[in-house]
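Summary of structural features
Here are the chains, one letter per residue:
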Amino acid sequence: MIIDYVGVKEINGSLIVMDGVKGVSNEEIVDIKLDNGSVRQGRVVQIEGERIVVQVFEGTRRISLKNTRTRLTGHPMEMPLSPEIIGRVLDGAGRPLDGLGDIFPVKRANINGTPINPVSRVYPKNYINTGISTIDTLMTLIRGQKLPIFSGSGMTHNDLAVQIVRQAKISGADSSNFGVVFAAMGVQKDVAEYFRRSFEESGVLSRVVMLLNLSNDPIIERTLTPRCALTIAEYLAFELDMHILVIMTDMTSYAEALREFSSSKGEIPGRKGYPGYLYSDLASLYERAGMIKGHTGSVTQIPILTMPNDDITHPIPDLTGYITEGQIVLDRALQGQGFYPPVSVLPSLSRLMKDGIGEGFTRGDHQSLANQLFASYAKVIDARALASVIGEEELSPVDKKYIEFGRLFETKFVNQGFTENRSIEQSLNLGWELLSTLPRSELDRVDDAVLDIYIKEKKEETPRLLRGISM
Amino acid sequence: MNNNVIYGINGPVVTLKNADSFEMMEMVHVGAQNLVGEVIGITDKLTTIQVYEETTGLKPGDPVTGTGAPMNVLLGPGILDNIFDGIERPLKAIEEQSGAFISRGVSASPLDTEKLWNVTLKVKPGDRLTGGQIYATLPETPIIEHRVMLHPELSGVIKEVEPDGEYTIFDTVAVLEDDLGERHELTLCQQWPIRTSRPVKKGLTPSIPLITGQRIMDTLFPIAKGGTAAIPGGFGTGKTMNQHQLAKWCDADIIIYVGCGERGNEMSQVLDEFSELIDPKSNRPMTDRTTLIANTSNMPVAAREASIYTGITLAEYYRDMGYHVAMMADSTSRWAEALREISGRLEEMPAEEGFPAYLPSRLAEFYERGGRADVLSGGEGSVTLIGAVSPQGSDFSEPVTQNTKRFTRVFWALDKALAYARHYPAINWINSYSEYFNDLDPWFRENLGDEFIEYRNRISALLQEESSLMEIVKLIGSDVLPDDQKLVIETSRVIRVGFLQQNAFHAEDTYVPLEKQKQMMKVILHLHTKAREIVAREIPLSKVMAFGLFDKLTKMKYDIPNNRLDMFDDYIKEIDEKLGELLK
């Protein structure tokens, strides 16, 4: 027997409270039919006896205490899945937007997913060549990794994401088993369109699944968008053995939607009003990246988040950084100087890099080079700090070399341009070339044997003089 | 007949109405799928339960059954070389049952019930046993002997003993009659509630260092066996890397590694690396002495809260056998957040930053379970606790870091600036501290000589001096400093880059024996002393620098293999010769 429950007891933000509901299960999906014929969906988020709290995805506008008929569907939020989903454009809750009709499901999967057993994971080791010097050399992206881009409003993170998709070469992947799942959360129409056009230009559009929750779409739907996207990604990767790159933008909008939901539910807020479970919630998304035993496919995530006020200690980037395996941080000052991509090298990091590079993957000297570039560039920053106090003229000769190295590093290595695609050899050699402008005694992170190979020209060496600050 | 049914559901918290048969902290089964839960609150009207699995699909009216016992773990052979989730469910067995994704309500015995162990009985009929005494032993892994102990709450006289031979964990190997005349069948395993610490005979002061082979830890901020340490640091500063290094190289007998709310890929890395890594002492894989508890960040939050207690209970169990156990918890902040999350669901009044007011007492309870002790089985054991802390926004003034600081005695503060410069381990030598110097100094004097302490003190003094000189240098540059102060900066650079910085990926440098650490300090300080003599004669420092000795010392950690400590004499000789020329 199917029962329609007429009316609601209470409306609060995107939540409705209903009384006298029997046989409801936690997280169950309900259909809410309004008097004007429109149907909305909601999810049961709290149960107390026969009183239930339902989160309405499309929002509660026009709902009154009397004008609804609610029906329980008997199952949690599920996503219809089939190989035909590739190339489709869906809304934030996974319903088709492109007018090509419903997805005929081969199977349905709960969008919340289930945690991957740590024992079943394959430790990611294959690198993805993005053709971008800073990323490939210093924060190598690994297949199955989750590597977010920490950006700020008005910065070129979208270009960077597009460039990565266009240039990314995954070993073992060709056009038939490479795909992109793109989840837009609270982004503007133009941004979504920019991504669509860029995918089209780079010829991957037919292998992209787009989920669009634009900035004027219902906020609660936004909390579903990444879950739907990852459910699709897991299906494509672990059942169809594809290599899937998931781009999620903008995680800040997602977290804000979560905060709104939490506060309307009357939960005790944690830091900056975000719910106490923000960490667990973000983890339930990010941890869905990876590879598992017995399947050749992989889910690699590039979440993009705009740091409010460029503050990396804000809860969203902070918690993200604790979950993801590194981060690519963009820097407004570099962008201001006209550099693209404006990757701030020092705070950026890839945790999985050390096992995915070197002999057999990239090149034997890769790790040494990366260590040395990081260390030397850190000294550049110190030398600049000193120069800003005492003036560049007063610096010791070695510090002056660092200033020069820093300039070259930023203009040649970091600043690459949107269209340039550099091979790993090009990037590594460029790195050594830049390091060779420093006195050899400064290269203290590298074995002499490696230096002998890559630092060719032996310059006249002055005895190392005392330098200013060093780390 | 059980008529306890679910009334309300909110995230991982389930409430029951008018149920009066439950005990506080009792373990219960919830719903048709028998999800595991624990009673965390009782009033005359409502019983509150936290569920260790996803609650999706639970309905009001679903049954809840009590088990009559608190959250227990099963202790017995088979714990080592295994990986569990936060409530001691074996992840390998779960993989066999449910595949790569963990489905709900899976039940598997924590320990292998079919495996036969080669048991040697240590008692005979008529023997009187008290709680915690050993009645049988068996080789659990090729390097660890498992000592089967009487449950600490039992005592009595052995009545029957089976012959030595092969038994499973639930087979009876002996029968004991307690003082009330009741017979107890003794098997190879026992149950213990995770939130109760196991008793010991007598606590001991921690006076033996835990040797880690990590220079900055062993030399500047040593930890004792049975000590407690915190490793706080923002993301990317290398908390996990440090924990891995400690787990791999420290000289404990048993390692319990708890991945509490951390990354799944990290756990699979630990699994991979530890099974490949050969322990130099025993020539066996590290996994032979290691147990992993993996409750990754996307696994249920209530089980994350329990994982720390499960870990410490396993650690205490091996301590009771007379082993030195080291437990790494990565990270205690995630555990504290789990507390916060559940507290929020219970609508408790929050204290600082939304954390519950009982956070400090819970942390204290946990760290107090560490320590060195005379154990009931006769011998001596210890549990060393090393907790990583992930301060929000890298701000050490937040509640978890501050409270952890109160209950731990070693503080290895990780520094973002050092990590950005890829100076690893990124332990800040100014902010870190160890309170074990007084307890450990006698050991160091006895085993490494008085010089070791002297060297350490001189090294710290130099670093302190450099730190204050750097304040000046940052303002006006180093050129204005007199030569003797420049020398301090140069020597400190050698200490920082050549000594404190250590390369975990370098075959020789990843683990450095104490004797080599001492020799390295000796050579560096020798150079400093000699150079100071020269500078005191108004010979410019640049002449000393021209020999390249400072650069050479910076690289000696790579150039001198761990088994060629005689080479240090050559360094001393070279320093004397070269600098001698200047004095002529």
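Note that the coordinates shown come from a computational prediction; the quantities given were computed from them, not determined experimentally. (Residues numbered from 1 in each chain as written. Chains lettered and ligands numbered in written order. Predicted model: local features only at pLDDT ≥ 70, side-chain atom pairs only at ≥ 80, totals over all residues.)

Next up on the list: the overall build of chain B. Helices and strands together make up the secondary structure of chain B, namely 17 helices and 28 strands. Scaling as 2.2 N^0.38, a compact globule of 584 residues should have a C-alpha radius of gyration of about 25 Å, and chain B matches this with 27 Å. Principal-axis analysis of the C-alpha atoms places the extent of chain B at approximately 100 × 55 × 40 Å. Put simply, chain B has 584 residues, and 54% of those count as buried. Look at the contacts in chain B between residues 6 or more apart in sequence, and 70% of them connect residues 24 or more apart. (Helix = DSSP H or I, 4+ residues; strand = E, 2+ residues; numbered from the N terminus. Rg over C-alpha atoms; globule rule 2.2 N^0.38 Å. Buried ≥ 20, exposed ≤ 12 C-beta atoms within 10 Å, placed from the backbone. Contact = placed C-beta atoms within 7 Å.)

With that settled, the discussion passes to the overall build of chain A. Helix and strand content of chain A: 14 helices and 20 strands. Scaling as 2.2 N^0.38, a compact globule of 471 residues should have a C-alpha radius of gyration of about 23 Å, and chain A matches this with 25 Å. Taken along its principal axes, the extent of the C-alpha atoms in chain A is 90 × 50 × 40 Å. In chain A, of all internal contacts separated by at least 6 residues, the share reaching a separation of at least 24 is 73%.

Residue-level contacts link 72 residues of chain B with 69 residues of chain A. Looking at which element gives the most residues to the side of chain B that touches chain A, the answer is helix H4 (residues 264-276) of chain B, with 6 residues. Among the residues forming the side of chain B that touches chain A, the class breakdown is 29 nonpolar, 25 polar and 18 charged. Relative to strand E1 (residues 6-10) of chain B, strand E5 (residues 39-48) of chain A runs antiparallel, the two being bridged by 3 bridges. When the bridges of E1 of chain B are listed, Gln-46 of chain A appears paired with Asn-10 of chain B. (Nonpolar A, V, L, I, M, F, W, Y, C, P; charged D, E, K, R; others polar. Pairing = 2+ DSSP bridges.)

What follows concerns the environment of Glu-50 of chain A. Residues and elements named next belong to chain A. For Glu-50, the position within the fold is in the loop between E5 and strand E6 (51-56). As for Glu-50 and Lys-22, which are separated by 28 residues in sequence, their C-alpha atoms are 6.0 Å apart. Discounting residues that sit within four places of it in the chain, Glu-50 has contacts with Asp-19, Gly-20, Val-21 and Lys-22.

Take helix H5 (residues 225-238) of chain A next. Taking 1.5 Å per residue, 14 residues should reach 20 Å; H5 of chain A reaches 20 Å between its end C-alpha atoms and fits that length. Among the 14 residues of H5 of chain A, 14 are classified as buried, and the element is accordingly described as predominantly covered. (Expected span 1.5 Å × (residues − 1).)

With that settled, the discussion passes to the domain arrangement of chain A. Residues and elements named next belong to chain A. Entries for chain A in the domain assignment read domain 1 (4-75), domain 2 (79-356) and domain 3 (366-454). Centre-to-centre separation of domain 1 and domain 2, based on C-alpha positions: 31 Å. Across the boundary between the two partners, domain 1 contributes 11 residues, which contact 10 residues of domain 2. With 3 residues, the single largest contributor to the side of domain 1 that touches domain 2 is E6. Each residue belonging to the side of domain 1 that touches domain 2 can be placed in one class, and the counts come to 5 nonpolar, 5 polar and 1 charged. (Domains from an automatic or database assignment.)

All names here are of chain B. Examined at the domain level, chain B breaks down into domain 1 (6-70), domain 2 (117-188), domain 3 (202-435) and domain 4 (449-583). Computed over C-alpha atoms, the centres of domain 2 and domain 3 are 33 Å apart. The interface of domain 2 with domain 3 comprises 11 residues on the first partner and 10 residues on the second. Of all the secondary structure elements, the ones that give two or more residues to the side of domain 2 that touches domain 3 are strand E11 (134-141) and strand E12 (144-149). Looking at the side of domain 2 that touches domain 3, the element that brings in the most residues is E12, giving 3 residues.

Turning to unusual backbone geometry, a few remarks are in order. Geometrically, the link from Thr-249 of chain A to Asp-250 of chain A is a cis peptide bond, its omega value of 10 degrees lying close to zero. Examined against the element boundaries, Asp-250 of chain A turns out to sit in the loop between strand E17 (243-249) and helix H6 (251-264). The omega angle of the peptide bond from Tyr-424 of chain B to Pro-425 of chain B is -10 degrees, so this bond is cis rather than trans. By secondary structure assignment, the location of Pro-425 of chain B is in the loop between helix H9 (416-420) and strand E28 (433-434). Positive phi outside glycine occurs at Glu-27 of chain A, with the angle close to 70 degrees. Its location among the elements puts Glu-27 of chain A in the loop between strand E3 (15-18) and strand E4 (28-34). Assessed through the 21 C-beta atoms surrounding it within 10 Å, Glu-27 of chain A is described here as buried. Even without a glycine there, the phi angle at Asp-81 of chain B is positive, about 55 degrees. Positionally, Asp-81 of chain B belongs in the loop between strand E7 (72-75) and strand E8 (82-84).

The angle between the axes and the distance between the axes are what describe a pair of packed helices. Residue and element names in this part refer to chain B. At their nearest, the axes of helix H11 (residues 450-476) and helix H13 (residues 514-536) sit 10 Å apart, and the two run at 55 degrees to each other. As summarised for this structure, H11 and H13 are arranged oblique, according to the angle between their axes. Taken as a pair, H11 and H13 cross one another with a handedness that is left-handed. Together, Phe-452, Tyr-455, Arg-458 and Ile-459 of H11 and Lys-518, Met-521, Lys-522 and Leu-525 of H13 make up the contact between the two elements. The residue inventory of the contact of H11 with H13, partitioned by class, reads 5 nonpolar, no polar and 3 charged. (Axes fitted to C-alpha atoms, helices over the stretch in contact; angles between N-to-C directions. Parallel < 35°, antiparallel > 145°, perpendicular 65-115°, else oblique. Left-handed = near helix turned anticlockwise from the far one by under 90°.)

Our next topic: the sheet that holds strand E14 (residues 165-167) of chain B. Residue and element names in this part refer to chain B. Taking strand neighbours across the sheet as the criterion, the 4 strands line up as E12-E11-E9-E14 in an open arrangement whose pairing is antiparallel. Each edge of the sheet is formed by a strand with only one pairing partner; in this case those strands are E12 and E14. When the angles between neighbouring strand axes are averaged without regard to direction, this sheet yields 40 degrees. Relative to E14, strand E9 (residues 117-121) runs antiparallel, the two being bridged by 3 bridges. From the neighbouring strand, Trp-117 faces E14, where its bridge partner is Tyr-167.

All right, on to the sheet that holds strand E9 (residues 89-91) of chain A then. Across a sheet, paired strands are connected by hydrogen bonds in the backbone, their directions being either parallel or antiparallel. Residue and element names in this part refer to chain A. Taken in spatial order, the 8 strands of this open sheet run E9-E16-E15-E17-E18-E13-E19-E20, and their pairing is mixed. Because the sheet does not close on itself, it has two edges, and the strands there are E9 and strand E20 (343-350). Geometrically, the sheet is characterised by an average inter-axis angle of 15 degrees between neighbouring strands, direction not taken into account. Across 2 bridges, strand E13 (residues 149-151) lies against strand E19 (residues 326-330) in parallel orientation. Bridged to Phe-150 within E19 is Val-329. Taken strand by strand, H5 contacts strand E15 (178-187), strand E16 (208-214), E17 and strand E18 (298-306), and its axis lies near 175 degrees from that of E15.

So, about the packing of helix H2 (residues 157-167) of chain A against helix H3 (residues 189-201) of chain A. Residues and elements named next belong to chain A. Viewed as axis vectors pointing N to C, H2 and H3 meet at an angle of 20 degrees, and their least axial separation amounts to 10 Å. As summarised for this structure, H2 and H3 are arranged roughly parallel, according to the angle between their axes. In the packing of H2 onto H3, the handedness of the crossing is right-handed. Mapping the contact onto sequence places Asn-158, Val-162 and Val-165 in H2 and Val-191, Tyr-194, Phe-195, Ser-198 and Phe-199 in H3. Looking at side-chain class alone, the contact of H2 with H3 contains 6 nonpolar, 2 polar and no charged residues.

Averaged over chain B, the pLDDT score is 91; the fraction of residues at 70 or greater is 100%. Interface confidence in the predicted complex, given as ipTM, is 0.84; pTM for the same model is 0.90. (pLDDT = per-residue confidence, 0-100.)

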